[in-house]
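Each chain is listed here by its residues.
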Amino acid sequence: MPPVINLKKCKKCGTCDLHCPLDVIHFDRKKKLPLVKYPDECWHCGSCRLDCPAKAIEIRFGPEMLCL
Amino acid sequence: MVKNMGSLGERLETDVLIVGGGLAGNNAAIGALEKGARVLIADKSAIERCGAIAGGVDHFMAYLGTDIWDTREAYLEWVGKIARGTVNLSVQNAVFCRELDAAIQRMERIGCTLKQSDGTYYRTMSMGQPGPFFINFDGKQLKPLLAREAKRLGAQVLVKCAITGLLTEDGKVVGAVGFNIRTGKFYTIAAKSVILATGNTNRIFENPSGLPYNTWQCPANTGAAQTMAFEAGAKLANMEIVRITLVPRGFSAAGLNALTGMGGKIVNAGGEDFMPKYHPAGVRAPRFKLVEAVMKEIYEGRGPIYVDCRHLSAGEMAHLKKTLGYDKDTLPDFIEQKGIDLAKEPLEIMPSEGMQGGSSEVNSSGIMIDETTASTVPGLFAAGDCADQMRCVHLCTTGGYLSGKMAAEYSDNVGKGPRVKLSQVKQLQKKTFAPLRASGSVLHRSFEDTMRKMLWQNAGPARSDKSLNVALEKLEELETYFKDIRAQNYHELTRILEANEILQVAKMMCTASLARKETRFGVYHHRTDYPETTPEFDGQIVLWKTDRGMETEFKKLDYSTIPPL
């Protein structure tokens, strides 16, 4: 499962977009919000959560990994 | 210096171009910058979190001279045993031993100490080591700290830039081309030297979870260096190796080392601690032995398999829980979300997906390097997992730094800026953007899935002359479908080019596997038609491009003497 971004806490800094090693998160310039655009390419490395200055990101695993 | 080249994008110039801003790439940047070179790092991401150690790492292998097993000689002797046939002791000595002291100091200087808060080293032993070579440390900020240091020293960074081809002139590498994976802007980079540091090759074998990006090492690392170096005529080595490890079931996460290194046992469904049955060192046996044992236990119906840490002391368990997130930031979350308390229940594990990479923790597969990290093509260097003689945190740190120094020295002697041939740039640009014009009748994801399944079947944990040749035939057929895989944007283009890199590495892997007519490192190269390991093959399979495709030769290596420092 991809990272879950709390858009209310989000500071719209774009760090998650910049730091994601897999180009999964794209900051939408028009909506001014980050979007997890390629959720099935998430590597679950935790970089977005680590570097988010607003602590707005949670890592939630889904059944495809928890129940394999 | 940036120049606009119209439809050919932007032209940049530097002394040392580093492709891949991971652990080795960043250390290389520091090495080159300290020598006064101009450095440009190009990475598909940003350098703060890219590559294999993104969210952290927890182990640095080193000898510290405290005891007879803790010496350079004992380390090299162990290396010669554990990686016999793929490691070159003379190169290992040059890229690790000579650079070790400086590397430990550099770690301290940038703010990533290897010590515990009480000033001591916490060391663990595994993989058949003669003593606890692994220094356990908190490397969660190692990547950002290295990135900060490289930038502080003046590194230029091209973020979200996929490098797709090397530029050559008169048999020398003079730069590279690439594109921005968001905007599609094309880059032509003239460089006096190039260091390739893009890691090992992942997404190449079927993933047991069915999720191709659920990989042990970084799924963005798909063999760019190996592919580009091969095209430029460089020699590669150790390409036959399949790497498999053990991971928590469902999540291909690093962390096994932490669990077993701290005393965790591997048990089957009946609670049997079965490893001693398979190897005298039990759970401290070489990794491939652990993998084979688990595979056999599962195959023979004694699974599921678990790592059991319930017997650890309260102090050991506290340390384990505190440090488990160092190597994989989200592993503690996974275990918690599974509802497991390691102190009370065992954790199910499984063999990971296969990767193309190192046979051990001390060397890898890829560009064949010498004692100066130079490839066989002038101007081209390699560092980290894509170099045949480096792997893991310790070697990427020491060897990456050495590579930077050597490339800077080489650049110093190059003189005037290299000439870049426009015709070559245009040709590479056309190749790079070709998928944007493809027919679209074949989908990228299913193409890659098919390739992965086919390779696991024919070139995975059991190989034969027949199966490897079938794999090569099918790879050639698959390759003809590239013209039908369409990229609708530059992110998709990046993925399709990655699929091509995987395919090229797979061809090299199968060809090298055919040449090694023996079995070595168990499942890491298991020839069912040549099931024994023979000293005749105590050396590397070297591979390079020819007009007819590729050729291999055997390079015998000396394991009888420890090279002097």
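None of these values were measured; they are calculated from a predicted model.

Definitions and limits used
Throughout, residues of each chain are indexed from 1 in the direction in which the sequence is written. For naming, the first written chain is A and the first written ligand is 1, with later ones following in the order written. The predicted origin of the model limits local features to residues at a pLDDT of at least 70 and limits the giving and counting of side-chain atom pairs to 80 or more, whereas totals for whole chains, interfaces and linings rest on all residues. For the purposes of this entry, the term helix denotes a DSSP run of H or I that reaches at least four residues, the term strand denotes a run of E that reaches at least two, and both are numbered from the N terminus. Computation of the radius of gyration draws on C-alpha atoms alone. For the globule rule, the value is 2.2 Å times the number of residues to the power 0.38. Residues with at least 20 neighbouring C-beta atoms inside 10 Å of their own are called buried, those with 12 or fewer are called exposed, and the rest are partly exposed, where every C-beta is derived from the backbone. Residues are treated as contacting if the C-beta atoms built from their backbones sit within 7 Å of each other. The criterion for strand pairing is that DSSP finds at least two bridges linking the strands in question. For every element, the axis is a line fit to its C-alpha atoms; helices are fit only across the contacting stretch, and the angle between N-to-C directions ranges from 0 to 180 degrees. In these notes the angle categories are as follows: under 35 degrees is roughly parallel, over 145 is roughly antiparallel, 65 to 115 is roughly perpendicular, and the rest is oblique. It is the rotation of the near helix from the far one that decides the hand of a crossing: anticlockwise by less than a right angle makes it left-handed, clockwise makes it right-handed. Residue classes follow a fixed rule: Ala, Val, Leu, Ile, Met, Phe, Trp, Tyr, Cys and Pro count as nonpolar, while Asp, Glu, Lys and Arg count as charged, and any other residue, Gly among them, counts as polar. Reported domain spans reflect what an automatic or database domain assignment gives. Under the convention used throughout, the expected extent of a helix is 1.5 Å for every residue step, that is, one less than its residue count.

S.K.: Which parts of the structure should I look at to understand the overall build of chain A?
M.R.: When you go through chain A residue by residue, the secondary structure sums to 3 helices and 4 strands. A globule of 68 residues ought to have a C-alpha radius of gyration of about 11 Å, and chain A, at 12 Å, matches this closely. In terms of principal-axis extent, the alpha carbons of chain A reach across some 35 × 20 × 20 Å. For chain A, the proportion of its 68 residues judged to be buried stands at 38%. Sequence separation of 24 or more characterises 56% of the internal contacts of chain A that already satisfy a separation of 6 or more.

S.K.: How do you make sense of the overall build of chain B when you look at a structure like this?
M.R.: Helix and strand counts for chain B come out as 16 helices and 21 strands. Taking 565 residues into account, the globule formula puts the C-alpha radius of gyration at 24 Å, and chain B, at 22 Å, falls close to it. Viewed in the frame of its principal axes, chain B has a C-alpha envelope of about 65 × 50 × 50 Å. Counting over 565 residues, chain B shows a buried share of 59%. For chain B, restricting intrachain contacts to residue pairs at least 6 apart in sequence, the fraction spanning at least 24 positions comes to 73%.

S.K.: Looking at this model, I keep getting lost on the pairing of strand S10 (residues 186-196) of chain B. Mind explaining?
M.R.: Look at any regular strand and the pattern is simple: side chains alternate between the two faces of the sheet. Residue and element names in this part refer to chain B. Counting buried positions over the 11 residues of S10 gives 10, a clear majority of the element. Strand direction decides the pairing type here: strand S9 (residues 172-180) and S10, joined by 5 bridges, are antiparallel. Paired with Gly 175 across the bridge in S10 is Ala 190. Where S9 folds back onto S10 in an antiparallel hairpin, the turn is made up of 5 residues, including Gly 184, whose phi is positive at roughly 80°. For S10 and strand S19 (residues 380-382), the ladder comprises 3 bridges, and the chain directions are parallel. Along S19, the bridge assignment pairs Val 194 with Leu 380.

S.K.: Would you explain the packing of helix H15 (residues 465-479) of chain B against helix H16 (residues 490-515) of chain B in this entry?
M.R.: Two quantities define a packed helix pair, namely the angle between the helix axes and the distance between the axes. Residues and elements named next belong to chain B. With their axes 9 Å apart at the nearest point, H15 and H16 run at an angle of 160° to one another. As judged from the angle between their axes, H15 and H16 are roughly antiparallel. Judged by the twist between their axes, the crossing of H15 over H16 is left-handed. Judged by residue contacts, Asp 465, Leu 468, Ala 471, Leu 472, Leu 475, Leu 478 and Glu 479 of H15 engage Leu 503, Ala 506, Lys 507, Cys 510, Ser 513 and Leu 514 from H16. Per-class residue counts for the contact of H15 with H16 are 9 nonpolar, 1 polar and 3 charged.

S.K.: Help me out: how do you make sense of the sheet that holds strand S18 (residues 366-367) of chain B in this one?
M.R.: Within a sheet, adjacent strands bond to each other through the backbone by hydrogen bonds, running parallel or antiparallel. Residues and elements named next belong to chain B. Spatially, the 4 strands line up as an open sheet ordered S18-S11-S20-S21, and their pairing is antiparallel. Because the sheet does not close on itself, it has two edges, and the strands there are S18 and strand S21 (549-556). Judged from the 8 bridges that link them, strand S20 (residues 539-546) and S21 form a sheet pairing that is antiparallel. Paired with Thr 546 across the strands is Gly 549, a residue of S21.

S.K.: I would appreciate a short explanation of the domain arrangement of chain B in the present structure.
M.R.: Residue and element names in this part refer to chain B. When cut into domains, chain B gives domain 1 (2-57 + 88-104 + 139-243 + 355-424), domain 2 (246-351) and domain 3 (434-556). Counting residues at the interface gives 34 residues for domain 1 and 32 residues for domain 3. Secondary-structure elements contributing two or more residues to the side of domain 1 that touches domain 3 are strand S8 (161-169), helix H6 (224-231), strand S11 (236-237) and strand S12 (242-243). In terms of residue class, the side of domain 1 that touches domain 3 is made up of 14 nonpolar, 12 polar and 8 charged.

S.K.: Explanation requested: the interface of chain B and chain A in the structure shown.
M.R.: When the parts of a complex come together, some accessible area is lost, and that lost area is often used as the size of the interface. Contact residues are listed per partner, giving 30 residues for chain B and 23 residues for chain A. The leading source of residues in the side of chain B that touches chain A is helix H11 (residues 331-337) of chain B, at 3 residues. Across the side of chain B that touches chain A, the residue classes tally to 12 nonpolar, 10 polar and 8 charged.

S.K.: Explain the sheet that holds strand S14 (residues 265-267) of chain B here, please?
M.R.: Residue and element names in this part refer to chain B. Sheet architecture is open: 4 strands sit in the order S13-S16-S15-S14, paired in antiparallel fashion. Across the chains shown, the open sheet's two edge strands, defined by having one partner strand only, are strand S13 (246-248) and S14. Here the average twist between neighbouring strands, direction ignored, is 40°. Pairing geometry for S13 and strand S16 (residues 347-351), over 3 bridges, is antiparallel. Each bridged residue has a counterpart across the sheet, and for Val 247 the counterpart in S16 is Met 350.

S.K.: Which parts of the structure should I look at to understand unusual backbone geometry?
M.R.: Working note: non-glycine residues mostly have negative phi, and peptide bonds are mostly trans. Residue Pro304(B) is reached from Gly303(B) by a cis peptide bond, and omega for that bond is 5°. Relative to the assigned elements, Pro304(B) resides in the loop between helix H9 (287-299) and strand S15 (305-308). Located in the positive-phi region is Lys12(A), a residue other than glycine, with phi close to 60°. Structurally, the position occupied by Lys12(A) is in the loop between strand S1 (3-5) and helix H1 (15-19). Accessibility expressed as a C-beta count within 10 Å gives 14 for Lys12(A), which makes it partly exposed. Its identity is not glycine, yet Thr373(B) carries a phi of approximately 70°, on the positive side. Note that Thr373(B) resides in the loop between S18 and S19.

S.K.: How should I be thinking about helix H14 (residues 444-459) of chain B in this particular structure?
M.R.: Residues and elements named next belong to chain B. Taking 1.5 Å as the rise per residue, H14 with 16 residues should run 22 Å; its terminal C-alpha atoms sit 21 Å apart, in good agreement. Within H14 the residues assigned to the buried category are His 444, Glu 448, Met 451, Arg 452, Met 454, Leu 455, Trp 456, Asn 458 and Ala 459. Looking at the buried residues of H14, the elements they touch are H15 and H16.

S.K.: I tried to follow H9(B) on my own but got confused; where do I start?
M.R.: An α-helix turns once per 3.6 residues; consequently, residues spaced three or four apart project the same way. Residue and element names in this part refer to chain B. For H9, spanning 13 residues, the distance from its first C-alpha to its last is 18 Å, which sits close to the expected 18 Å at 1.5 Å a residue. Along H9, the residues classified as buried are Arg 287, Phe 288, Lys 289, Leu 290, Val 291, Glu 292, Ala 293, Val 294 and Glu 297. Summarising the contacts, the buried residues of H9 are in contact with S13, S14, helix H8 (275-278), S15 and S16. Within two residues after H9, Gly 301 carries a phi angle of roughly 85°, on the positive side.

S.K.: Got a minute to help me understand the packing of H6(B) against H16(B) in this structure?
M.R.: All names here are of chain B. Packing of H6 against H16 leaves a shortest axis separation of 9 Å and a crossing angle of 70°. Overall, the two elements H6 and H16 adopt an arrangement that is roughly perpendicular. When you trace H6 past H16, the crossing you get is left-handed. For the pair H6 and H16, the contacting residues are Ala 224, Gln 226, Thr 227 and Phe 230 in the first and Glu 501, Gln 504, Val 505 and Met 508 in the second. Looking at the contact of H6 with H16 residue by residue, the classes come out as 4 nonpolar, 3 polar and 1 charged.

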